[in-house]
Amino acid sequence: MPVDLAAEVIANRPLSADYNVVALAAPAIAAATSPGQFVMVKATAANDPLLRRPFSVFEILRTEDGTPTGVSILSKRIGASTRLLYDARPGQRIACLGPLGRPFTVVDAPADAWMVAGGVGLAPFATLAESLHARGVRTTLFYGARRAEELFYLDFFRALNVDLVLTTEDGSAGERGRVVAPLDRRLAARRASDPVMLYACGPEGMLAATARTAAKHGRPCQVSVERIMGCGLGGCYSCVVPMRGEDGAFHHVRSCLAGPVLAADQLRWD
Amino acid sequence: MRSSVGQRTDMDLSVAIGSLALRNPLIAASGCFGYGVEYADVVDLSSLGGIVVKGLFLKEREGHPPPRIVETPAGMLNAIGLQGIGVRRFVDEKLPELRARHATVFVNVCGTTLDEYVEVSRILSDAEGVAAIELNISCPNIKEGGIQFGCSLNGTFDVVNAVRKVTRLPVIPKLTPNVTDVASFARAAEDAGADAVSLVNTFLAMVIDVETRRPKISNVVGGLSGPAIRPIAVRMVYECRQTVKIPIIGMGGIADARDALEFMIAGATAVQIGTANFVDPFIWSKLLDGMRDYLHRHDIPRVADLVGSLDTHHALTERSGA
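All of these numbers come straight from a predicted model, not from anything done at the bench. Residue positions are given per chain, counting from 1 as you read along its sequence in written order. Throughout, the order in which chains and ligands are written sets their labels, letters from A for the former and numbers from 1 for the latter. Where local features are concerned, this predicted model is filtered to residues with pLDDT of at least 70; where side-chain atom pairs are given and counted, the filter is 80 or more; whole-chain, interface and lining totals use all residues.

1. With respect to the interface of chain B and chain A
Next up, step 1: Each residue is represented by a C-beta atom placed from its backbone, and any two residues with such atoms within 7 Å are regarded as in contact. Contacts between chain B and chain A engage 28 residues on the former and 23 residues on the latter.
Next up, step 2: Numbering of helices and strands runs from the N terminus; a helix is a DSSP stretch of H or I covering at least four residues, while a strand is a stretch of E covering at least two. Of all the elements in the fold, those that place two or more residues in the side of chain B that touches chain A are β5 (69-72), β6 (75-78) and α8 (275-279) of chain B.
Next up, step 3: Counted by class, the side of chain B that touches chain A contains 16 nonpolar, 7 polar and 5 charged residues. Residues are grouped as follows: nonpolar covers Ala, Val, Leu, Ile, Met, Phe, Trp, Tyr, Cys and Pro; charged covers Asp, Glu, Lys and Arg; every other residue, Gly included, is treated as polar.

2. Details of the sheet that holds strand β16 (residues 261-263) of chain A
All names here are of chain A.
Next up, step 1: Spatial strand order, β11-β10-β9-β8-β12-β13-β16: 7 strands in an open sheet with mixed pairing. Taken across any chain shown, the strands that pair with only one partner, and hence form the sheet edges, are β11 (175-176) and β16.
Next up, step 2: As defined by bridge partners, strand β13 (residues 221-224) adjoins β16 across 3 bridges and the pair is classed as antiparallel. Each residue of the ladder has a partner; that of Val 223, found in β16, is Leu 262. The pairing criterion for strands is at least two bridges between them, as found by DSSP.

3. Topic: the sheet that holds strand β14 (residues 221-225) of chain B
All names here are of chain B.
Next up, step 1: The 4 strands are arranged β5-β6-β14-β11 in an open sheet whose pairing can be described as antiparallel. On the outer flanks of this sheet lie β5 and β11 (203-206), each paired with one strand and no other. For this sheet, the mean angle separating the axes of adjacent strands, direction not counted, is 40°.
Next up, step 2: Where β11 lies against β14, 4 bridges are found, and the strand directions are antiparallel. Note that in β14 the partner of Phe 203 across the bridge is Leu 224. To obtain an axis, a line is fitted to C-alpha atoms, over the contacting stretch when the element is a helix, and the angle between two such axes runs from 0 to 180 degrees between their N-to-C directions.

4. Considerations on the domain arrangement of chain A
Residues and elements named next belong to chain A.
Next up, step 1: Its domain assignment divides chain A into domain 1 (3-100) and domain 2 (112-220).
Next up, step 2: Facing 13 residues of domain 1, the contacting portion of domain 2 comprises 12 residues.
Next up, step 3: Counting only elements with at least two residues in the side of domain 1 that touches domain 2, the list comes to β4 (53-56), β5 (59-62) and β6 (68-76).
Next up, step 4: Partitioning the side of domain 1 that touches domain 2 into residue classes produces 8 nonpolar, 3 polar and 2 charged. An automatic or database domain assignment is the source of the domain bounds shown.

5. Re the nonpolar core
Grouped burial of nonpolar side chains is what soluble globular proteins tend to show.
Next up, step 1: By size, the foremost hydrophobic cluster in this structure holds 187 residues, and its most contacted members are Val 39 of chain A together with Ile 27, Ile 51, Val 197, Val 237 and Val 271 of chain B.
Next up, step 2: Split by domain, the residues of this core number at least three in each of domain 1 (3-100) and domain 2 (112-220) of chain A.
Next up, step 3: In this structure, Val 39 of chain A is in contact with Ile 29, Phe 55, Val 57, Val 71, Ile 73, Cys 96, Leu 97, Gly 98, Pro 99 and Leu 100 of chain A, ignoring residues within four places of it in sequence. As used here, a nonpolar core is made of buried Ala, Val, Leu, Ile, Met, Phe, Trp, Tyr and Cys residues. They are joined through C-beta atoms within 7 Å. Partly exposed residues are those whose C-beta has more than 12 but fewer than 20 other C-beta atoms within 10 Å; with 20 or more the residue is buried, with 12 or fewer it is exposed, and the C-beta atoms are placed from the backbone.

Encoded structure:
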């Protein structure tokens, strides 16, 4: 059951000129969130912007003894709402509704977990990596960005023994190009008898390429989709994705309720 | 009227739409509350005056491709395209839970033909747990659905008249604001036997991405809702109040208790909340508290006493004295 909190901003850490991490005091949400779930956030009580925005829960914040105290969100400044988040001040209150949506299905060993992230699509993988680490699952993060300065939280993932495969579009860190290229090579090199679960979040083109690559190698893939969302609760029907139904045909399904995590092979990739 | 009541919880919030008694005037608007069951986790459905479930045709509909909404100043544009599960699946899959949760269920009925409105209404009349029928003759977003009835006085009369003949449920046509004189449509509905009218549906509108020169929603045009439209909607409710005797259910940009009361003072017996529920799904208890507080401060025991209580005399006096 989701709760709505007027959550106090504990910290706002800029990561670059566009990216930032806002930490919110939200114990009830933190305690109930599973990896891949999201919150609906509104950074102003005024009418512009009017609607909330969906964000994957990035980190679960905890005290030293492990008590959940809040959540953070990873934001990229692209419009009015993310501009407000970029400029958020500690002490300010931000409406935060959650946790919402269907989380990732977390695999167990002996399966390996390969996470594929593009840009701000890194967001759902911090909590997933923690869950995988707790289960002792060998985990790799394929992480692509435009340039080296936009690869964030690498030490966070290293501390969880996550194997990092980095790409940048300008070649300033890791391999030059898109993240799907090394994913494709590694899948090709992997023995068919060794199970692996793919998890992907990022730009639509990257998700489509990841879904095709997973299908090519016969591997299961869970994608976290991002759609324009009005309410996050199934009321408005704005966030639909074409998903295969029991009749084999594609139907519009609300990604806020059926997702945001969906099986890649059940979606239509245009 | 004086009240001897001290406790705010003793304020009487009940209203009546004809023979249909509502525990309070707050109704969730169609298309903004799914089929109601989606919200059962966040709000006690029985605590609302009613819920209007998403528009239903005879058959399932896929709706428009995304993007389906875009934000506007103090509002939003939508063109969902009436995606829906069809009336039979609604009766089988959703209505039992709504009944179990003691929700007062209004069903928004759609049709591409007069016969479809009649058939959907007939099926709902035979189902257990439907309190009223809201006739969607005003969706601006699909070519073949409803609006050809809602933009013609004869069409409005005909669809209300036809549905009236096949159901004992209250029949409430939902009027479009995209006409010159909405009050004449309220009168046509009243003449055809409507038990009430609800208004307004959304205003036909458009948003263009200047950089790409593309429309921001796939349907090119869509319906504008939210606080931006509220003063126009209040004016339309006021005009209808001057014209018809049947109850009016007012809506358009209501975001707090004062907004709701504004519609009631203009002449609405009950109100619907749509877009604001997206912003704050927990809005309902805040609206109820705000209404009780207002009634207490003004020493008005029953919210129904506010309906159509607009004082135009003083406004006119001040104007003539200016």
